[in-house]
4 protein chains.
Amino acid sequence: MLSNEQHQKCLEECLACMEACNTCFDACLNEEDVNMMAACIRLDRECSDICALAARAIQSNSPFMEQICSLCAEICEACAEECRKHTHDHCQKCAEACRRCAAACREMISH
Amino acid sequence: MLSNEQHQKCLEECLACMEACNTCFDACLNEEDVNMMAACIRLDRECSDICALAARAIQSNSPFMEQICSLCAEICEACAEECRKHTHDHCQKCAEACRRCAAACREMISH
Amino acid sequence: MLSNEQHQKCLEECLACMEACNTCFDACLNEEDVNMMAACIRLDRECSDICALAARAIQSNSPFMEQICSLCAEICEACAEECRKHTHDHCQKCAEACRRCAAACREMISH
Amino acid sequence: MLSNEQHQKCLEECLACMEACNTCFDACLNEEDVNMMAACIRLDRECSDICALAARAIQSNSPFMEQICSLCAEICEACAEECRKHTHDHCQKCAEACRRCAAACREMISH
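A brief structural summary. Everything numeric here is computed off the predicted structure, so don't read it as measured data.

1. Focus: the interface of chain B and chain C
Here comes step 1: Listed as interface residues are 12 residues of chain B and, on the opposing side, 12 residues of chain C.
Here comes step 2: The contact between chain B and chain C buries some 1100 Å² in all, and 51% of this surface belongs to carbon and sulfur atoms.
Here comes step 3: Where chain B touches chain C, the interface holds zero salt bridges.
Here comes step 4: Counting every contact that joins chain B to chain C gives four residue pairs in polar contact (both at pLDDT 80 or more).
Here comes step 5: Only α1 (4-29) and α2 (38-59) of chain B provide two or more residues apiece to the side of chain B that touches chain C.
Here comes step 6: Take the side of chain B that touches chain C: its biggest share by element is seven residues, from α1 of chain B.
Here comes step 7: Here the side of chain B that touches chain C is built from residues that sort into three nonpolar, six polar and three charged.

Here is the structure:
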């Protein structure tokens, strides 16, 4: 059974990642070279959506919490991989938030 | 590679299932004995949310379309199993929509 | 009181608009000149999200159906105005879907 | 123009309200007398959805941030009014989170 601490840690990382992705989405659309950011924009939206769903699942004690967080980890890892390539501050921050969220999701599931 | 027909079929079933789940959610909350419908209400919301995400993924050509539809199939099956137990017309219709959506998701993924 | 026909018409336009916006979002990110599409990409996401919420509200008989559809109309109109400027087929289709959805939302609310 | 502090305050209250609503939704479905909680369950879902959309709007600098937060305030007030009637701890906490979120939304819009 999951401890409250593990739920809480995972929830916090999901919310931080959702924020980093939404901030990065907005900032990418305002960059001078939007062409270079297309993959990032797409993944930011994907990742924000699944983080929001994962947060809802944890908060409402969903019977599918683990499956949703497992998919969240996978999407976070893809978003981190893309954001890591770009030197913009918002991309680097987003990559780190995605990496942490993926780790917290995998840690929660493994217990 | 997925054909347009398979995408289209899966999308239609996701949208039909989302509608059946939302209709069932509303109707369950108006039943005389809401206590009996608690599991159904919970699963209707879960299932509506994942169907909406799956529809969005198909429509926007998400790189995670298959993973999202795989999770959608799993949640649809759980919702179908619960709704099937109740004789209300809205539950029987929802169970059938969930069963069809799960099948369409699994069919799309297998190709 | 709203007739079933007005609900149904508005719901259909919300779902058609969500699809057009998600298709346009994906296609804009694949255009050669993504810079030119930045405002369109942003509005496609906004409009898809509010159309999804409006569809959910109609399907689940939300007490806030009219307020949500009123906001949906406003966002659809902004998205139509932006999409209309671009000659891409996906933008023209999206502008038309947005225009129809805004009209259906306003028609439903006025009754 | 909105200051960063006002954005931040409103965002925090939206996220706190989303959590309180999702917790209350889950807890209401586990109460002995679910019939009494039907309106609360419905409003918890509505309010969680609009708070999630408002948080996304603030984080991504949406051109419709104010309109979304205005609707959020209205739905929060309705949810607070319903939750306030119930003595359960989760309902009282939810009523207070909704009240605070509505106030923060209205404060942000007025500036």
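2. Points about the interface of chain B and chain A
Here comes step 1: Residue-level contacts link 19 residues of chain B with 19 residues of chain A.
Here comes step 2: Counting the surface lost from both chain B and chain A, the interface buries some 1600 Å², and carbon and sulfur atoms represent 62% of this.
Here comes step 3: At the junction of chain B and chain A, the tally comes to four salt bridges.
Here comes step 4: Note that R56 of chain A is salt-bridged to D49 of chain B, the shortest N-O span being 3.0 Å.
Here comes step 5: Linking chain B with chain A are 10 residue pairs in polar contact (both at pLDDT 80 or more).
Here comes step 6: Of all elements in the fold, only α2 and α3 (65-84) of chain B reach the threshold of two or more residues within the side of chain B that touches chain A.
Here comes step 7: Top contributing element to the side of chain B that touches chain A by residue count: α2 of chain B, with eight residues.
Here comes step 8: Of the residues assigned to the side of chain B that touches chain A, the class counts are nine nonpolar, four polar and six charged.

So, how was this worked out
- Residues numbered from 1 in each chain as written.
- Chains lettered and ligands numbered in written order.
- Predicted model: local features only at pLDDT ≥ 70, side-chain atom pairs only at ≥ 80, totals over all residues.
- Heavy atoms only, no water.
- Contact = heavy atoms within 4.5 Å.
- Buried area = accessible area lost by both parts, 1.4 Å probe.
- Salt bridge = Lys/Arg side-chain N within 4 Å of Asp/Glu carboxyl O.
- Polar contact = N/O pair within 3.5 Å; in protein donor to acceptor, adjacent residues only side chain to side chain.
- Helix = DSSP H or I, 4+ residues; strand = E, 2+ residues; numbered from the N terminus.
- Nonpolar A, V, L, I, M, F, W, Y, C, P; charged D, E, K, R; others polar.

Everything listed is a geometric property; what it means functionally is a separate question.
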